[in-house]
Amino acid sequence: MKRFFIVASMAMLCLFNADAQKKIPHTVRTSNNAFARRTEIIIPQLKGYNVYKGDFHIHTSYSDGNVTPASRVTEAWYDGLDIIAITDHYESQKGLKNTMKVLAQLNKDGKPTVIPSTSKTGKVWADFNEIHRQAEAQVEKSGVPLLLIKGCEMARNAQSHGHFNCLFLKDINGLYNKDMAEAFRNVKKQGGIIIHNHPAWRRKTSDKTEFHKQVYGEGLIDGVEVVNGTSFYPHIVRRCIDEKLTMFANTDEHGLTAYRFGRTDYFRTMTLVMAKELTEKAVKDAILKRRTIAYSGGNLIGEEMWLNELLNESVVCHIVKEDAKAGKRTYLLTNMSSFTYKLRRGKTIYELEPFKSLQVNFGKDKNSGKYVLPKFTVDNMWIIDYKHPALEINIDK
Ligand SMILES: [Zn+2]
Ligand SMILES: [Zn+2]
């Protein structure tokens, strides 16, 4: 009898367990919140132009980077960008060589296929336009309004020639020439533009070489990187202003942007482009007319006029108190942009963070007897000759 009870209760337990097992789901979501969000970088319109965020220098696994074109598109979108140009080295073919190693086992002798170097033979053995097509396919698939500019990087000896990005291209395959200046002329024939990249890279100076004097002199260069990655070249700001060239700040990213720029208080290095609309035509027009500001690590670099515009459109200023007896006004400054402005007055630095307000007092001018506007040296802005601009903030109505 006792045994019967033991057997019966064990059977009951098994039935109960089987029943309980049935109720346990096979898949459970660990979070209802597991989807990515784009970082929105808010910048007001400047002089009636929209401000688009661009990176015009990025690599993929088709040259010496380690990210696919499709991943570059996704990454840029979530980083808050509007425009990217994938600019792989079309002369080094490292990515192609790696592909051939993977395919080597298909060769009868098991040895990798040897690809003659483009730079030596002048022959192109791969379709470099395919890199851009893959990025385009990803834009279409994901439905994000990211503008893609077709480009490539031409790279020769760092001491004598250096590296140049060619943008707004039609056909990358047809550009090569042993003479780099001739290759530049090929870019121009396609209506492309040329940026001088990282001018002080592997050099002790950012000054021009003989080759630079030749190609700048011929009008083949349209812009220069004042920032590459996190390297800022202060001398280049003067060159851009004196020679009417466009300032760029690009990541030149080979890995993931999150490795270098994955900090909550900074965005990735980028070029702000003031354009009417997000089209290739409007963006090219903005670049040719030098409507850009360079951004890197919280710093803003450019022409004083544009930096003044950016500060004044970002910061809303109201008079909140006026003490006529003391001749003093209290202003409320509200930052309506995603950038922090480091406003210095004497030794005091007011860090005006995004979407925050602060109050400042200003008195009257001793000579005119009139109230003065809030005026600051902006410590995170850089103009010609490695200087900060001193800017006035206008009162908003
Ligand atoms: Zn380079
Ligand atoms: Zn590069």
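For every chain, the first residue of its written sequence is number 1, and the numbers climb from 1 along that sequence. As a convention, the first chain written is A and the first ligand written is 1, with the rest following in written order. Residue-level local features of this predicted model are given only where pLDDT is at least 70; pairs of side-chain atoms are given and counted only at 80 or more, and the full residue set underlies all totals for whole chains, interfaces and linings. Derived side-chain values reflect all non-hydrogen atoms in the structure, with water molecules and hydrogen atoms excluded from consideration.

1. Regarding the coordination of the zinc ion (ligand 2)
Ideal values for angles at a metal depend on the geometry: 109.5 degrees with four tetrahedral donors, 90 or 180 degrees with six octahedral donors. A donor here means an N, O or S atom no more than 2.8 Å from the metal, or no more than 3.2 Å when the metal is Na, K or Ca. Since water is not included, a site may seem to lack partners. Within the protein, H57 (NE2), H59 (NE2), E153 (OE) and D252 (OD) serve as the donor atoms for the zinc ion (ligand 2), at 2.0 to 2.3 Å. When four donors show all angles between 85 and 135 degrees the site is tetrahedral, when four or six donors have opposite pairs over 155 degrees and all other angles between 65 and 115 it is square planar or octahedral respectively, and in every other case it is irregular. Taken together, the four donor atoms coordinating the zinc ion (ligand 2) and their angles of 80 to 169 degrees define a geometry best described as irregular. Each donor residue of the zinc ion (ligand 2) lies on one chain, and together they are spaced H-x1-H-x93-E-x98-D.

2. Comments concerning the state of the cysteines
Only a pair of cysteine sulfur atoms within 2.5 Å qualifies as a disulfide here. Using the criterion set out here, one finds zero disulfides in the structure. Of all cysteine sulfurs, the one in C166 lies closest to C152, which takes part in no disulfide; the gap is 4.5 Å. The class of C152 is buried, set by a relative accessible area of 1%. Per-residue accessibility, obtained with a 1.4 Å probe over protein chains only, is compared with the maximum for each type, and a residue is labelled buried under 20%, exposed over 50%, and partly exposed between these values.

3. Some words on the coordination of the zinc ion (ligand 1)
Around the zinc ion (ligand 1), the protein contributes the donor atoms E153 (OE), H163 (ND1) and H198 (NE2), at 2.1 to 2.2 Å from the metal centre. In this structure, the zinc ion (ligand 1) lies 3.4 Å away from the zinc ion (ligand 2), the two metals sharing E153 as a donor. Separated by ten residues along the polypeptide, E153 in strand β3 (residues 147-155) and H163 in strand β4 (residues 163-167) bring together distant segments of the chain. A single burial state applies to E153 and to H163, both of which are buried. Helix and strand assignments come from DSSP, with helices taken as H or I runs of at least 4 residues and strands as E runs of at least 2, each series counted from the N terminus.

4. A short note on the sheet that holds strand β15 (residues 348-352)
Note on sheets: strands pair through backbone hydrogen bonds, and any given pair is parallel or antiparallel. Paired strands are those between which DSSP finds at least two bridges. Pairing in this open sheet of four strands is antiparallel, and the strands run β15-β14-β17-β19 from one edge to the other. Two strands bound the open sheet, and with one partner strand each, they are β15 and β19 (390-392). Neighbour-to-neighbour, the strand axes of the sheet open up by a mean angle of 40 degrees, direction not taken into account. Sheet analysis places strand β14 (residues 341-345) next to strand β17 (residues 375-378), joined by two bridges and oriented antiparallel. Bridged to R344 within β17 is T377. Against the sheet, helix α11 (residues 304-314) touches β14, β17 and β19, its axis set at about 45 degrees to β19. To get an axis, fit a line to the C-alpha atoms, keeping to the stretch in contact for a helix; angles then go from 0 to 180 degrees between the N-to-C directions. Note on contacts: a residue pair is in contact if any heavy atoms of the two residues lie within 4.5 Å.

5. A short note on the domain arrangement of the chain
For the domain bounds, the source is a domain assignment made automatically or taken from a database. Assigned domains within the chain: domain 1 (50-302) and domain 2 (315-392). Here domain 1 and domain 2 have C-alpha centroids that lie 38 Å from each other. Facing the 14 residues of domain 1 at the interface are ten residues of domain 2. Accessible surface is computed with a 1.4 Å probe, and the buried area is the amount of it that two parts give up when combined, taken over both parts together. Contact between domain 1 and domain 2 buries roughly 1,100 Å² in total, counting both sides, with carbon and sulfur atoms accounting for 65%.

6. Topic: the packing of aromatic side chains
Each aromatic pair joins two rings of Phe, Tyr and Trp (for Trp, the six-membered one) with centres within 6.5 Å, and gets the label stacked for planes under 30 degrees apart, edge-to-face for over 60, and tilted for any other angle. Counted by the stated rule, this structure contains 14 aromatic pairs. Measuring from centroid to centroid gives 5.7 Å for F362 and F376, while their planes differ by 85 degrees, and the two rings are edge-to-face. Here the residue F362 occupies a position in strand β16 (residues 357-362), and F376 occupies one in strand β17, the gap between them amounting to 14 residues. On the accessibility criterion, F362 (6% relative accessible area) is buried. Overall, F376 belongs to the buried group, its relative accessible area being 2%. Three or more aromatic residues joined by ring pairs form one cluster here, namely Y331, Y350, F362 and F376. A positively charged side chain is recorded as over a ring if its NZ (Lys) or CZ (Arg) lies within 6 Å of the ring centre. The angle to the ring normal must also be within 35 degrees. Over the aromatic face of W77 sits the side chain of R38, whose NZ or CZ is 3.8 Å from the ring centroid. Above the ring of F362, the side-chain terminus of R345 is found at 3.5 Å from the ring centroid.

7. Let's talk about the pairing of strand β8 (residues 246-250)
With five of its five residues buried, β8 lies for the most part within the structure. Because side chains alternate across β8, one face comprises the buried residues T246, F248 and N250, and the other comprises M247 and A249, equally buried. Sheet topology note: the strand β6 (residues 223-228)/β8 ladder contains five bridges and is parallel. By the bridge assignment for β8, V224 is matched with M247.

8. Description of the nonpolar core
Within soluble globular proteins, side chains that are nonpolar generally end up buried alongside one another. Grouping buried Ala, Val, Leu, Ile, Met, Phe, Trp, Tyr and Cys residues that are joined through side-chain atoms within 4.5 Å yields what is termed a nonpolar core. Residues F184, L300, L333 and F339 are the most contacted members of the largest nonpolar core, which totals 83 residues. With five residues, helix α6 (residues 180-189) is the single largest residue contributor to this core. When residues no more than four places from it in sequence are discounted, the contact partners of L333 are V315, V316, C317, L343, L352, K356, S357, L358, V360, P374, F376 and I393. Membership of the second largest hydrophobic core comes to 17 residues, among which are Y52, I193, I195 and V283.

9. Brief notes about the sheet that holds β16
A sheet is described by the order of its strands in space; here three strands give the open sequence β12-β13-β16, paired in antiparallel fashion. With one partner strand each, in any of the chains shown, β12 (315-323) and β16 form the two edges of the open sheet. Mean inter-strand twist for the sheet, computed between neighbouring axes without regard to direction, equals 25 degrees. Alignment of strand β13 (residues 328-335) against β16, held across six bridges, turns out to be antiparallel. Each residue of the ladder has a partner; that of Y331, found in β16, is V360. Strands β12 and β13 of the sheet are contacted by α11, whose axis makes an angle of about 65 degrees with β12.

10. Details of the pattern of salt bridges
A pair is scored as a salt bridge if a Lys or Arg side-chain nitrogen falls within 4 Å of a carboxyl oxygen belonging to Asp or Glu. Here the structure, examined in full by the defined rule, presents 22 salt bridges. Across the pair R133 and E130 runs a salt bridge whose closest N-O atoms are separated by 3.0 Å. On the criterion of helical spacing, the pair formed by R133 and E130 is a turn pair, its members being three residues apart in helix α5 (residues 129-142). Exposure remark for R133: the relative accessible area of 40% places this residue in the partly exposed category. Judged by its relative accessible area of 33%, E130 is partly exposed.

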